[in-house]
Amino acid sequence: MTATNTTKMFGIAEAFGVPARPELTIEGFADESHPMIPRKTEYRFRPGLSGLIAFLGEAAGDAFLLTGPTGSGKTSLVCQIAARLNWPVQSVTCHGRMELSDLIGQFVLKNGTTEFIHGPLAVAMKEGQILILNEIDLMDPSELAGLNDVIEGQPLVIAQHGGEVIRPHPKFRVFATGNSAGAGDTTGLYQGVLRQNLAFLDRFQVINVGYLAAEVEIGVLQKAIPSLPEEIGEKMIAVANEIRRLFLGEGESGAELTVTMSTRTLIRWARLSLTFRGAPQPIAHALEQALTNRADAEQREAIHRIAEDVMGNLWLGV
């Protein structure tokens, strides 16, 4: 299925639920049925939206890099924008063994014959979709250099498919996410992060996506789980922010935790706490299942000690 050529103007204030003048609009697609349009979920858009909207309106030979700590919502930000604009997305998670051919396409055996299957880059270019390269700083810089001309708007030539030429659709956009800004990981938190080629990075606009502010995150939590008592939600967010602080190395001893709590994990913790209501220490049990069972014993104990200190008597039950 291809993205429809029929476009539609969306009011920014109405589409994204943010303060904006009525005349401010962004062009998206009219067709809501494309299977690659991300599913729309409850979402609170943060500062920085205007930069992404401007890029979607006019890429001007650039790509867009969202950098920030794991779990800060980099990919979901792009996907929720796309969901509201009916913009199909090809999302790929990069890794150290990925090659450019994985993005372009390759021959596969099908019904006894070989057939060329276009990869996510070729499909996005041809159909005017968004390509998201997640964890881009894990990929070999020499492979990523092959994207330089494509980002600048040059056609993609697929030599292995008879020299097929794909000219970029006007709506084709490239986003990337990473835990670093391409300069490698100086914190020691992210194994496998590679320093990227400067010429490649020069083709990106960049924003940093941090964790949600507490006053924003409580609204997200209340929308996701309306039955959660507000006091418990606020204390859970306080616990999450202390875990994040220690993960980011903002404590006295540098990075003290190797796990962190994303908003997704926070919501999981809150939901499980209500599910386990009536059991002994439901909040503690929910925290184990949501996060700390994947931490080592010492860190699990430290996180539970933080939670108990912050939550006080609430730690014993919901």
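Every value quoted in this text rests on a predicted model; they were computed, and no experiment measured them. (Residues numbered from 1 in each chain as written. Predicted model: local features only at pLDDT ≥ 70, side-chain atom pairs only at ≥ 80, totals over all residues. Heavy atoms only, no water.)

Caption draft 1: Quick look at the overall build of the chain. Counting its regular elements, the chain contains 13 helices and eleven strands. A compact globule built from 318 residues would reach a C-alpha radius of gyration of about 20 Å, and the chain, at 22 Å, matches this within 12%. Along the three orthogonal principal directions, the C-alpha set of the chain runs to about 70 × 45 × 45 Å. Every one of the 318 residues in the chain was classed for burial, and the buried ones make up 48%. In the chain, once contacts between residues fewer than 6 apart in sequence are set aside, the share between residues at least 24 apart is 71%. Of the charged side chains in the chain, 27 are positive and 36 negative, and the gap between their average positions amounts to 5 Å. (Helix = DSSP H or I, 4+ residues; strand = E, 2+ residues; numbered from the N terminus. Rg over C-alpha atoms; globule rule 2.2 N^0.38 Å. Buried < 20%, exposed > 50% of the residue type's maximum accessible area, 1.4 Å probe, protein only. Contact = heavy atoms within 4.5 Å. Lys, Arg positive; Asp, Glu negative; His and termini not counted. Charge placed at Lys NZ, Arg CZ, Asp CG, Glu CD.)

Caption draft 2: Seen up close, the environment of P168. By secondary structure assignment, the location of P168 is in the loop between β9 (164-166) and β10 (173-178). According to the relative accessible area criterion, P168 is partly exposed, its value standing at 26%. In this structure the C-alpha to C-alpha distance between P168 and F116, which are 52 residues apart in sequence, comes to 19 Å. Among all residues touching P168, those that are not within four sequence positions of it are M125, G153, Q154 and P155.

Caption draft 3: The sheet that holds strand β7 (residues 130-134), seen in detail. The strand order across the open sheet formed by five strands is β4-β7-β10-β3-β11, and the pairing between neighbours is parallel. In this open sheet, the two edge strands, each paired with only one partner strand, are β4 (89-93) and β11 (204-208). Neighbour-to-neighbour, the strand axes of this sheet turn through a mean angle of 20°, independent of strand direction. In the sheet, β7 pairs with β10 via four bridges, with the strands oriented parallel. Across the sheet, I132 pairs through a bridge with F175, a residue of β10. Helix α3 (residues 74-84) contacts β3 (63-67), β4, β7 and β10 of the sheet and is inclined by roughly 170° relative to β7. Most of the contacts of helix α5 (residues 120-127) go to β4, to which it runs at about 160°, and overall it touches β4 and β7. (Pairing = 2+ DSSP bridges. Axes fitted to C-alpha atoms, helices over the stretch in contact; angles between N-to-C directions.)

Caption draft 4: Broad picture of the packing of helix α12 (residues 282-290) against helix α13 (residues 297-311). Contact geometry for α12 and α13: axes closest at 11 Å, N-to-C directions at 145°. Helix-helix and strand crossings are classified by hand; for α12 and α13 the assignment is right-handed. Here I283, A284, L287 and E288 of α12 lie close against α13, whose contacting residues are I303, H304, A307 and M311. When grouped by side-chain class, the residues that make up the contact of α12 with α13 number six nonpolar, one polar and one charged. (Left-handed = near helix turned anticlockwise from the far one by under 90°. Nonpolar A, V, L, I, M, F, W, Y, C, P; charged D, E, K, R; others polar.)

Caption draft 5: Inspection of the pattern of salt bridges at higher detail. Tallied over the full model, the rule gives nine salt bridges. E115 is the partner of K110 in a salt bridge, and the nearest nitrogen-oxygen pair spans 3.9 Å. Across the salt bridge formed by R245 and E242, the nearest N and O atoms sit 2.7 Å from each other. With R245 and E242 both in helix α10 (residues 230-247) and three residues apart, the pair spans about one turn of that helix. Judged by relative accessible area, R245 falls into the partly exposed class, the value being 29%. (Salt bridge = Lys/Arg side-chain N within 4 Å of Asp/Glu carboxyl O.)

Caption draft 6: Highlighting the side chain of E217. Among the secondary structure elements, E217 is positioned in helix α9 (residues 214-224). A polar contact of 2.8 Å, which involves the side chain of E217, links it to the side chain of R244. A distance of 2.7 Å separates the side chain of E217 from the side chain of T263, its partner in a polar contact. Here E217 is in contact with L212, I237, N241, R244, T263 and L266, once residues within four sequence places are set aside. (Polar contact = N/O pair within 3.5 Å; in protein donor to acceptor, adjacent residues only side chain to side chain.)

Caption draft 7: Here's a closer look at α13. Spanning 15 residues, α13 covers 21 Å between terminal C-alpha atoms, matching the ideal 21 Å at 1.5 Å per step. Against the buried residues of α13 lie α10, α11 (263-275) and α12. The N-terminus of α13 is capped by D296, whose side-chain oxygen sits 3.2 Å from the backbone nitrogen of E298. Positive backbone phi, at 60°, marks G312, one or two positions downstream of α13. (Expected span 1.5 Å × (residues − 1).)

Caption draft 8: Inspection of α11 at higher detail. Taking 1.5 Å of rise per residue, 13 residues should cover 18 Å, and α11 covers 18 Å from first to last C-alpha, within 8% of that figure. Taken residue by residue, α11 has T263, T265, L266, I267, W269, A270, L272, S273 and L274 as its buried positions.

Caption draft 9: Representation of unusual backbone geometry. Backbone geometry places A60, a non-glycine residue, at a positive phi of 55°. Take A60: it is sitting in the loop between α2 (49-57) and β3. One non-glycine residue, E135, lies in positive phi territory at about 55°. For E135, the location among the structural elements is in the loop between β7 and α6 (141-144).

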